[in-house]
Protein chains: 2
Amino acid sequence: MMMVRKSKGLGERHQKILDFIASYQREHKHPPSIREIGEHCNISSTSVVNYYLDQLEKAGQLERDRKISRGMRLVGNTPLGDMLRVPVLGVIQAGEPIPIPTSDFNPFSAEDSVDIAASLMPSREKGKDLFALHVQGDSMIDAMVNDGDIVILKPVVEARNGEMVAVWLNERNETTLKYFYKEKEGYRLQPANPAYKPIMVKKNESLDIKGKVVMVIRKVDRLAA
Amino acid sequence: MMMVRKSKGLGERHQKILDFIASYQREHKHPPSIREIGEHCNISSTSVVNYYLDQLEKAGQLERDRKISRGMRLVGNTPLGDMLRVPVLGVIQAGEPIPIPTSDFNPFSAEDSVDIAASLMPSREKGKDLFALHVQGDSMIDAMVNDGDIVILKPVVEARNGEMVAVWLNERNETTLKYFYKEKEGYRLQPANPAYKPIMVKKNESLDIKGKVVMVIRKVDRLAA
DNA sequence: ATGATACTCGAACGCCTGTTCTGTGTCAAG
DNA sequence: CTTGACACAGAACAGGCGTTCGAGTATCAT
């Protein structure tokens, strides 16, 4: 039978290259070139680095984009572009208007922001205009949203049936989160919890849709009331 | 030819370039080259692309690594290290036991996983032993958790008062999410919704704590029932 | 008008980079 | 010993790429 040499599994040099790519990427925000790998791993020839890179690719440790400069990435690492920074514009709270963004609000003016993995987002909502709000008070509880939650919204002025929207009810003088349904006589705002009754809004009443909820995040690092 | 002048803020072309970089990166896992940007944004000269890239960098929308191929990245994209990959071990559902991890479960054996920005996590919970579960059915609704939600858990066997835990109730033969309180006669499992009554568990009954909920994520990209 | 500013183009330069080819030495199997 | 797979070096090639420069055009304030 074939007695393998030091070629079983990944050798020391493979690991060294892997480690270097990881550390280089952390420092430079982009992958190293073949020559840079060679220099820092004591490999004098680019072909040898290429040789090892091919092996690492076959071993599934690495992905390569041939012909492209620094076209390599470690598997298991999500690419940089896959994170969205969503600005937290303020607080949503019954009785208070939502601090809605102007059409060209500056993302940097937001006091705070939350990072969301793009993989969590529906592909359609990956635009840059998303914004987030802190939920204050328990008035949104009928929408399965609790005090302290963070809601991620997409700014819209119209909604389709079944979508959860943030609305400003002029007659009641409050903001709330409800499921939206358009009906003959007007609009029905349906709480998520069936135990609560829907709010009916007639066509002549003003209904101010501020945004459509695309995600709710609850950090449970605090104690319950 | 009409040349639009928009010296204030970002023009249409800036946005187009920004969008292209984002979409290119999503597709190719690495940034585009200057010439690729030019082709897809109808800019015939590389110098013009470079011109816009410089402006975007000054505007803080972009970072560039000069002299390096495809050395650009959108700001707001956090580096790899700041993301936690949490394995989704399975489904939590009333009447079914929780697929709890063995002490040394393999993260790669998980069918699925979710990426969570480390910045969203309480610092204490940033260990690697977190796991996630899909919530199925509406039996957890009394804990403000709905069908389709994703709960992130930290494996614990004991809980402190006020923490939300996933427990297996042997007598009732179901799993549920409740706030945990230790009392004189036993344990009180308090639903989040005050409208529901707590479950009392006597000391002699078996109470199997599976994990402590540290986060709840709800994607609202689907229609309500 | 006139200059300043903003924007666009095309071409050339030169480095950077992945690829490929040839060659050398080692080591185990036949 | 011969063979062949394996590990490595060095050099050269060709194309990719960012950069720079010169020149031209449109818009606006003076």
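Residues numbered from 1 in each chain as written. Chains lettered and ligands numbered in written order. Predicted model: local features only at pLDDT ≥ 70, side-chain atom pairs only at ≥ 80, totals over all residues.

## Considerations on the overall build of chain A
Move 1: The helix and strand inventory of chain A stands at three helices and eleven strands.
Move 2: In chain A, once contacts between residues fewer than 6 apart in sequence are set aside, the share between residues at least 24 apart is 56%. (Helix = DSSP H or I, 4+ residues; strand = E, 2+ residues; numbered from the N terminus. Contact = placed C-beta atoms within 7 Å.)

## Things to note about the pairing of strand β8 (residues 174–182) of chain B
Residues and elements named next belong to chain B.
Move 1: Both strand β7 (residues 164–169) and β8 contribute to a ladder of six bridges, which runs antiparallel. Bridged to Trp-168 within β8 is Thr-175.
Move 2: Count of turn residues in the β7/β8 antiparallel hairpin: four residues, of which Asn-173 carries a positive phi of about 60°.
Move 3: The hairpin formed by β8 and strand β9 (residues 186–190) contains three residues between the paired strands. (Pairing = 2+ DSSP bridges.)

## Re the environment of Ser69(B)
Move 1: Within the secondary structure, Ser69(B) sits in the loop between β1 (62–64) and β2 (72–74).
Move 2: In the structure, Ser69(B) is positioned 35 residues away from Ile34(B) in sequence and 8.7 Å away in space, judged by C-alpha atoms.
Move 3: Ignoring sequence-local partners within four residues, the contact set of Ser69(B) consists of Ser69(A), Arg70(A) and Ser33(B).

## Topic: the packing of helix α1 (residues 12–28) of chain B against helix α3 (residues 46–58) of chain B
Residue and element names in this part refer to chain B.
Move 1: At a closest axis distance of 10 Å, the pairing of α1 and α3 adopts a crossing angle of 90°. By the angle class used here, α1 and α3 are roughly perpendicular. Of α3, the residues touching α1 (which contributes Arg-13, His-14, Ile-17 and Leu-18) are Tyr-52, Gln-55 and Leu-56.
Move 2: For the contact of α1 with α3, the residue count by class is four nonpolar, two polar and one charged. (Axes fitted to C-alpha atoms, helices over the stretch in contact; angles between N-to-C directions. Parallel < 35°, antiparallel > 145°, perpendicular 65-115°, else oblique. Nonpolar A, V, L, I, M, F, W, Y, C, P; charged D, E, K, R; others polar.)

## Notes on helix α3 (residues 46–58) of chain A
Residues and elements named next belong to chain A.
Move 1: With 13 residues, α3 ought to run about 18 Å at 1.5 Å a step, and its terminal C-alpha atoms sit 18 Å apart, in line with that.
Move 2: Along α3, the positions that sit buried rather than exposed are Val-49, Tyr-52 and Leu-56. Mapping the buried residues of α3 onto a view down its axis gives an arc of 65°, with all of them on the same face. Turned more than 90 degrees away from the buried face of α3, the exposed residues are Ser-47, Tyr-51, Asp-54 and Lys-58. (Expected span 1.5 Å × (residues − 1). Buried ≥ 20, exposed ≤ 12 C-beta atoms within 10 Å, placed from the backbone. Arc of directions from axis to C-beta.)

## A word on helix α1 (residues 12–28) of chain A
All names here are of chain A.
Move 1: For α1, with 17 residues, the first-to-last C-alpha span of 24 Å sits near the 24 Å given by 1.5 Å per residue.
Move 2: Every buried residue belonging to α1 is among Ile-17, Ile-21 and Gln-25, and all of these are buried. When α1 is viewed along its axis, its buried side chains cluster within an angular range of 65° and face the same direction. Relative to its buried face, α1 has exposed residues pointing more than 90 degrees away, namely Glu-12, Asp-19, Ser-23, Arg-26 and Glu-27.
Move 3: Within two residues after α1, Lys-29 carries a phi angle of roughly 70°, on the positive side.

## Quick notes on the nonpolar core
Move 1: Grouped together as the largest cluster of nonpolar side chains are 72 residues, with contacts concentrated most on Val151(A), Leu153(A), Val213(A), Val151(B), Ile152(B), Leu153(B) and Val213(B).
Move 2: Contact partners of Val151(A), with chain neighbours within four places excluded, come to Ile92(A), Ala132(A), Leu133(A), Val135(A), Val145(A), Val213(A) and Val216(A). (Core = buried A, V, L, I, M, F, W, Y, C linked by C-beta atoms within 7 Å.)

## Notes on the environment of Val156(A)
Residue and element names in this part refer to chain A.
Move 1: When you line up the elements, Val-156 lands in the loop between β6 (150–154) and β7 (164–169).
Move 2: For Val-156, a count of 15 C-beta atoms within 10 Å puts it in the partly exposed group.
Move 3: Taking C-alpha positions, Val-156 is 9.6 Å from Ala-166, a pair spaced ten residues apart along the chain.
Move 4: Apart from the residues within four sequence positions on either side, Val-156 is in contact with Ile-209, Gly-211 and Lys-212.

## Points about the confidence of the model for chain A
Residue and element names in this part refer to chain A.
Move 1: Chain-level pLDDT for chain A is 78 on average; 76% of the residues reach the 70-or-more range.
Move 2: Note on residues 1–7: pLDDT is under 50 here. Beyond four places in sequence and across chains, it has one contact.
Move 3: Note on residues 102–110: pLDDT under 50 across the span, and five contacts to partners over four residues away in sequence or across chains.
Move 4: Among the scores for the predicted complex, ipTM is 0.60 and pTM is 0.64. (pLDDT = per-residue confidence, 0-100.)

## Topic: unusual backbone geometry
Move 1: For Lys67(A), which is not glycine, the phi dihedral falls at a positive 75°.
Move 2: Along the chain, Lys67(A) falls in the loop between β1 (62–64) and β2 (72–74).
Move 3: What makes Lys67(A) exposed here is the crowd of 6 C-beta atoms within 10 Å.
Move 4: Of note in the backbone geometry, Lys29(B) takes a positive phi value of approximately 70° without being a glycine.
Move 5: Residue placement: Lys29(B) occurs in the loop between α1 and α2 (34–40).

## As for the environment of Ile199(A)
Residue and element names in this part refer to chain A.
Move 1: Inspection of the secondary structure puts Ile-199 in strand β10 (residues 199–202).
Move 2: Since 17 C-beta atoms lie within 10 Å of it, Ile-199 is described here as partly exposed.
Move 3: Along the chain, Ile-199 and Phe-180 lie 19 residues apart, while their C-alpha atoms are 10.0 Å from each other.
Move 4: Setting aside chain neighbours within four positions, we find Ile-199 in contact with Lys-178 and Leu-189.

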